[in-house]
Amino acid sequence: RIILAEELCSFASEELALPGDSAYHRYADLGRPHVVFVLNASREFSMEPKTWHYPIVGELDYRGYFKQADAMAYAEKLRAEGYEIHLGGTDAYSTLGTFHDPLLNTFIDYPEIDFAETIFHELTHLRIFHKGETTFNESLANTVAEEGIRRYLLSKGRRADLEDYEERLIRRREFYNEIDLTRRQLTALYASAIPEKEMRARKSKLLANLKARARALQERWGGKRLKEWLALDLTNAHLLALVTYNSGMSQFGKLLKESGGDFEVFFKKVERAQ
């Protein structure tokens, strides 16, 4: 994996206009399964996330903890204040150049494609990161990571793997389209003036319908790709955590095409657009 990371970082520098020499040339074992435990929160009848302000990165739609117990304690405090919570582990993050980010035990054993996506994603944050714009930053990084995988596999002549990856992306889009549909339905519901009791019942039905559609996707795809997700109790905060990473990807994909697929041109356009 260390050798693969060197290759991926070189590819990122040469083909994706990313700072591949700035990270992932060392290894660290943190002694825990996740690097950060991330907390998302929102009100019962709102699709607006609770935000927190940080000195370096500005306002973010989530709060991170290195200790799970601390995250759980704060989650209980927010629940007592009437917030819905989603708490999950994250296996990688960028220090935005403050440190030379190492490969971590939390993602070193990822399958090759997931490992490469993670590296391309985090290197994108090193290239461009706008304070206080969570959806912008994560959608941009996802866009670059996906296109980076396509080009990496193509450069290796691994057309069968590329076809498999394209099928994975189709499934990914199908799933997130269902998430976005429910997000829009809930947004409209919360904007209505119906009594809270009825709103709560309709909300429950919309979330149940989302799970039913997700089960249908899993049955069509085969395997157990959504098994763990289907076992979760869905909340507004959970949906917002997913939307954050994907809602801006179509715009960035369009901009990359308008840039002729040239990442240097693309990044300059992204910078000028802000």
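Residues numbered from 1 in each chain as written. Predicted model: local features only at pLDDT ≥ 70, side-chain atom pairs only at ≥ 80, totals over all residues. Heavy atoms only, no water.

### What to know about the environment of Leu60
You can see Leu60 is positioned in strand β4 (residues 58-60). Once the C-alpha coordinates of Leu60 and Phe129 are considered, the two residues, 69 residues apart in sequence, prove to be 12 Å apart. When residues no more than four places from it in sequence are discounted, the contact partners of Leu60 are Lys50, Thr51, Trp52, Tyr54 and Thr134. (Helix = DSSP H or I, 4+ residues; strand = E, 2+ residues; numbered from the N terminus. Contact = heavy atoms within 4.5 Å.)

### Quick word on the nonpolar core
The nonpolar side chains of a soluble globular protein tend to be buried with one another. Counting residues in each nonpolar core, the largest one holds 46 residues, and the members touching the most others are Phe115, Ile119, Phe120, Leu140, Phe266 and Phe267. Listed by contribution, the elements that provide at least two residues to this core are α1 (2-15), β2 (36-43), β7 (103-104), α3 (112-127), α4 (134-155), α5 (159-191), α9 (249-258) and α10 (263-273). With residues up to four places along the chain from it excluded, the contact list for Ile119 reads Ala5, Leu8, Cys9, Tyr24 and Leu103. The next biggest cluster of nonpolar side chains, apart from the first, holds 23 residues, and it includes Phe175, Leu207, Ala214 and Trp221. (Core = buried A, V, L, I, M, F, W, Y, C linked by side-chain atoms within 4.5 Å. Buried < 20%, exposed > 50% of the residue type's maximum accessible area, 1.4 Å probe, protein only.)

### Some details on unusual backbone geometry
For Tyr24, which is not a glycine, the phi torsion comes out positive at approximately 65 degrees. Structurally, Tyr24 can be placed in the loop between α1 and β1 (27-28). In the Ramachandran plot, Leu96 falls in the positive-phi region, its phi being about 60 degrees despite a non-glycine side chain. Here Leu96 lies in the loop between β6 (83-90) and β7. Judged by its relative accessible area of 28%, Leu96 falls in the partly exposed class.

### Considering the layout of surface pockets
Quantified by volume, the second largest pocket comes out at close to 480 Å³. Lining the second largest pocket are 20 residues, with Thr143, Arg173, Asn246, Met249 and Ser250 sitting closest to its centre. Elements supplying a minimum of two residues to the lining of the second largest pocket: α4, α5 and α9. Considering each element in turn, the lining of the second largest pocket owes the most residues, 6 residues, to α9. Residue composition of the lining of the second largest pocket, by class: 5 nonpolar, 7 polar and 8 charged. (1 Å grid on protein atoms, 1.4 Å probe; cavity = no way out; pocket = protein on both sides within 12 Å on 5 of 7 lines; lining within 4 Å. Points joined across faces, edges and corners; volume = space filled by probe spheres on them. Nonpolar A, V, L, I, M, F, W, Y, C, P; charged D, E, K, R; others polar.)

### Here's the deal with the side chain of Gln218
Inspection of the secondary structure assignment puts Gln218 in helix α6 (residues 196-221). Overall, Gln218 belongs to the buried group, its relative accessible area being 17%. Once you skip the residues sitting within four places of it in the chain, Gln218 turns out to touch Gly223, Lys224, Arg225, Leu226, Lys227 and Leu230.

### A short note on the pattern of salt bridges
All chains considered together, the criterion is met by 22 salt bridges. Notably, a salt bridge pairs Arg168 with Asp114, separated by 3.3 Å at the nearest N-O pair. Of this pair, Arg168 sits in helix α5 while Asp114 sits in helix α3, and the two are 54 residues apart along the sequence. (Salt bridge = Lys/Arg side-chain N within 4 Å of Asp/Glu carboxyl O.)

### A look at the sheet that holds β6
Taken in spatial order, the 3 strands make up an open sheet running β5-β2-β6, and their pairing is antiparallel. Sheet topology places β5 (63-65) and β6 at the edges, where each strand pairs with a single neighbour. Direction aside, the axes of adjacent strands within the sheet are offset by 25 degrees on average. Bridge count for β2 against β6 is 8 bridges, and the pairing is antiparallel. (Pairing = 2+ DSSP bridges. Axes fitted to C-alpha atoms, helices over the stretch in contact; angles between N-to-C directions.)

### Some words on α1
The terminal C-alpha atoms of α1, which comprises 14 residues, lie 20 Å apart, in line with the 20 Å expected from a rise of 1.5 Å per residue. Among all positions of α1, only Leu4, Ala5, Leu8, Cys9, Phe11 and Ala12 are buried. For α1, the angular spread of buried residues about the axis comes to 160 degrees, placing them on one side. Those residues of α1 that are exposed and aimed more than 90 degrees away from the buried face are Ile3 and Glu14. Where α1 is buried, its residues contact β7, α3 and α4. (Expected span 1.5 Å × (residues − 1). Arc of directions from axis to C-beta.)

### Side note on the pairing of β2
Taking burial as the measure, the 8 residues of β2 include 7 buried ones, the bulk of the element. Where β2 meets β5, 3 bridges bridge the pair, whose relative direction is antiparallel. If you follow Val38 over to β5, its bridge partner there is Gly64.

### Topic: the side chain of Asn137
Along the chain, Asn137 turns up in helix α4. Ignoring any residue separated from it by four or fewer positions in sequence, one finds Asn137 in contact with His125, Ile128, Phe129 and His130.

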